[in-house]
Amino acid sequence: MMPDLGKYADTVLSAYAASIVLLVALVALSLWRGRRVRADLRAIEARMRRDG
């Protein structure tokens with residue numbers, strides 16, 4: 001499944017772990033920001049409909 005990394009195993013596996021953590025964080029941040037922007041747009045559209 002995984003090649004023998006020898007003495008570099010700790011370094012490579014920690015780099016993989018850091019990459020995965022950063023990717024998950026970026027996806028979570030994108031989803032959070034998208035929800036926030038969507039809510040802001042709904043509020044702006046509602047205000048525009050109300051104010052005419």
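Please read these numbers as outputs of a predicted model, since none were measured by experiment.

**Some details on the overall build of the chain**
Helix and strand content of the chain: one helix and zero strands. Taking 10 Å as the expected radius of gyration for a compact globule of 52 residues, we find that the chain reaches 22 Å, considerably beyond that expectation. Across its three principal axes, the chain shows a C-alpha extent of roughly 70 × 20 × 5 Å. Only carbon and sulfur atoms are counted for the fraction: they give 65% of the accessible area of the chain, which is about 5,000 Å². If you average the places of the 9 positive and of the 5 negative side-chain charges in the chain, the two averages end up 9 Å apart.

**Looking at the pattern of salt bridges**
Counted by the stated rule, this structure contains one salt bridge. Note that Asp-51 and Arg-50 form a salt bridge whose closest N and O atoms lie 3.6 Å from each other. In this pair, the class of Asp-51 matches that of Arg-50, namely exposed.

**Points about helix H1 (residues 9-51)**
Taking 1.5 Å of rise per residue, the 43 residues of H1 would be expected to cover 63 Å, and the 63 Å separating its terminal C-alpha atoms lies within 8% of that figure. Two residues or fewer past H1, Gly-52 is found with a positive phi of approximately 80°.

**Some thoughts on a nonpolar patch on the surface**
Residues Met-1, Met-2, Leu-13 and Tyr-16 make up a contiguous nonpolar surface patch of about 560 Å² in total accessible area. Along the chain, Leu-13 falls in helix H1. The class for Leu-13 is partly exposed, based on a relative accessible area of 39%.

About the cut-offs
The written sequence of each chain sets the order in which its residues are numbered from 1. For a predicted model such as this one, the threshold for reporting local features is a pLDDT of at least 70, and the threshold for listing and counting side-chain atom pairs is 80 or more; totals across whole chains, interfaces and linings nevertheless cover every residue. Side-chain measures were taken over the full set of non-hydrogen atoms in the model, leaving aside hydrogen atoms and water. Here a strand is any run of E in DSSP of at least two residues, a helix any run of H or I of at least four, and the numbering for each starts at the N terminus. Throughout, the radius of gyration refers to the C-alpha atoms, and the reference size of a globule is 2.2 Å times the residue count to the power 0.38. Where accessible areas are quoted, they stem from the Shrake-Rupley method and a 1.4 Å probe; at the residue level, only the protein chains shown are allowed to cover. When charges are counted, Lys and Arg contribute as positive and Asp and Glu as negative, whereas His and the chain ends are disregarded. The location of each charge is read from NZ of Lys, CZ of Arg, CG of Asp or CD of Glu. Salt bridge, as used here: a side-chain nitrogen of Lys or Arg that lies within 4 Å of a carboxyl oxygen of Asp or Glu. Residue burial is assigned from relative accessible area. The probe radius is 1.4 Å, only protein chains are included, and a residue is buried under 20% of its type maximum, exposed over 50%, and partly exposed in between. How far a helix is expected to stretch is found by multiplying one less than its residue total by 1.5 Å. Each patch is built from residues that are more than 30% exposed by relative accessible area and take part in no salt bridge. Like charges join if they lie within 9 Å; nonpolar side chains (Val, Leu, Ile, Met, Phe, Trp, Tyr) join within 5 Å.

Just geometry here; none of it tells us what the structure is for.
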